Amino acid sequence: MEIFPTQYSTLSSKALNIKLQDIYGLTDTTCRLLIRNVSDTYVIESTSEKYIFKIYRDAHRKLEEIKGEVELLKILFEKGAKVSSPIPDKGGEVLQVFNAAEGTRYGVLFSWAQGGVVYAMNDRQLETVGREMAMIHNITSSLELSHNRQQYSIETVIVNPLKMLEPAFVGLEDDYAYIKQTAAEVIDRYKQFDRSFSYGYCHFDFMPKNFHFNDTGDITFFDFDFVGKGLLAYDITSFFIHYFLEFTSGKISQQEARDAFGVFVDSYRKVRPLSNEEIAAIPYLGFGFWVFYFGFQYENYDDWSNLFWGPKFMKDRVALIKKWMDTGHVLLP
């Protein structure tokens, strides 16, 4: 019987566990699906070992892009950056190939990031984030990968997502008009950015959900899925967005947000320069961050965003962007 066309399959945890035991030489492990989302993330665990196995969606990441992520993480790990690193199998291969229902999918085994997410970071933890992010930027600003990754430019971050989103705003024309008008103003500011802004491979989602602290205060960064070439201040911006969200949700005060981000910035600057102009650009870079992921959620609606996408989500997201543009700057140190 002919197999019906499939766009996004879910590989069996039981079958995956058997395959990974064989090719990696693992014993007595369990395998469970942790997240079915941008990609599929499985936890591989035994009484003494723990790993993450990530299976990419072809609609999201092509082979060349996956190789670029792996290449970057290998370089970062070898140069001492605190990152979750790819692990080769018994034959030395990092990329695993699966003949899934929709076609070929690729998977990578990663070391486990010890510890857990910390949202309310103390000064020592903030200093660690600043220092270690700066060390990563020292590496990513001075290399060129042999495999292509996406570029973060005005076109890819703002212009293209806005074009993609326009059909979704039918019935919400006023909201789209606000986003479009604000985009025009932000693009004008982008063009005024100092050419001395640091440039390289940025993580593009350096929020607390993407790094763990262990009991001794050591940090491990992970989830470099969106890594691409662009202004490194995007990473500073995404970290700042965490404090904007904590403030707007009433969890911390304006002064607490400013103080915390200030500790992070001071620590970063002890390792790598960060200009006042780059800090002042955060409101505009943040607009690009919001619009880029807004477009990504719409583009990937069929695969994973149907649970929350709709008019309410869209209006709430526009309201959040408006609040960001109106008040985000007051939290800057």
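In what follows, the structure referred to is the one given above.
Summarised in this report is the structure supplied together with it. Being a predicted model, the structure only gives us computed values, none of them experimental.

### A closer look at the pairing of strand β5 (residues 96–100)
Side chains on a regular strand alternate between the two faces of the sheet. Side-chain alternation along β5 places Q96, F98 and A100 on a buried face and V97 and N99 on a face that remains uncovered. With 5 bridges joining them, β5 and strand β6 (residues 103–111) adopt antiparallel strand pairing. Bridge pairing in β6 places V97 opposite Y106. Where β5 hands over to β6, the hairpin turn is made up of 2 residues, counted between the paired strands.

### Here's the deal with helix α4 (residues 154–165)
With 12 residues, α4 ought to run about 16 Å at 1.5 Å a step, and its terminal C-alpha atoms sit 16 Å apart, in line with that. Restricting attention to buried positions, one finds in α4 the residues I154, V157, I158, P161, L162 and L165. Along α4, the residues classed as buried sweep out an arc of 140 degrees about the axis, all on the same side. Looking at the buried positions of α4, the neighbouring elements they touch are α5 (173–190), α6 (233–248) and α9 (282–299).

### Focus: the packing of aromatic side chains
All told, the structure shown has 37 aromatic pairs when counted by the stated rule. Summarising the aromatic geometry, the rings of F206 and F224 are spaced 6.4 Å apart at their centres and angled 80 degrees between planes, so their arrangement reads as edge-to-face. With a gap of 18 residues between them, F206 in the loop between β7 (199–202) and β8 (211–213) and F224 in the loop between β9 (219–221) and β10 (228–231) connect regions that are remote in the sequence. You'll find F206 and F224 in the same group, each marked buried. A cation over an aromatic ring shows up here: R57 above the ring of Y8, its NZ or CZ 5.4 Å from the ring centre.

### Quick look at the packing of helix α2 (residues 63–78) against helix α3 (residues 123–140)
For the pair α2 and α3, the least separation of the axes is 10 Å and the interaxial angle reads 115 degrees. For the crossing formed where α2 meets α3, the hand is right-handed. Two secondary-structure elements touch here, α2 through L72, I75 and L76 and α3 through I136, I139 and T140. Residue classes in the contact of α2 with α3 are distributed as 5 nonpolar, 1 polar and no charged.

Cut-offs used in this document
- Sequence order sets the numbering: in each chain, residues are counted from 1 along the sequence as written.
- The predicted origin of the model limits local features to residues at a pLDDT of at least 70 and limits the giving and counting of side-chain atom pairs to 80 or more, whereas totals for whole chains, interfaces and linings rest on all residues.
- By convention in this description, side-chain values take in all heavy atoms of the structure and omit both hydrogens and water.
- Classification of residues uses two cut-offs on accessible area relative to the type maximum, computed with a 1.4 Å probe and protein chains only: under 20% is buried, over 50% is exposed, and between them is partly exposed.
- Secondary structure elements are taken from DSSP: a helix is a run of H or I of four residues or more, a strand is a run of E of two residues or more, and numbering for both begins at the N terminus.
- Whether two strands pair depends on DSSP finding at least two bridges between them.
- Here, expected helix span is obtained from the residue count minus one, scaled by 1.5 Å.
- What the arc describes is the spread of directions from the helix axis to the C-beta atoms.
- Residue contacts are counted whenever heavy atoms from the two residues lie within 4.5 Å of one another.
- A pair of aromatic rings is counted whenever rings of Phe, Tyr or Trp (Trp by its six-membered ring) have centres within 6.5 Å, and the orientation is called stacked for planes under 30 degrees apart, edge-to-face for over 60 and tilted otherwise.
- By definition here, charges over rings are those cases where NZ of Lys or CZ of Arg is within 6 Å of the ring centre and within 35 degrees of the ring normal.
- Axis lines are fitted through C-alpha atoms, for helices just across the contact stretch, and the angle between N-to-C directions can take any value from 0 to 180 degrees.
- The crossing is said to be left-handed when, going from far helix to near helix, the turn is anticlockwise and less than a right angle, and right-handed when the turn is clockwise.
- All residues other than Ala, Val, Leu, Ile, Met, Phe, Trp, Tyr, Cys, Pro, Asp, Glu, Lys and Arg, Gly among them, are scored as polar; the first ten of these are nonpolar and the last four charged.

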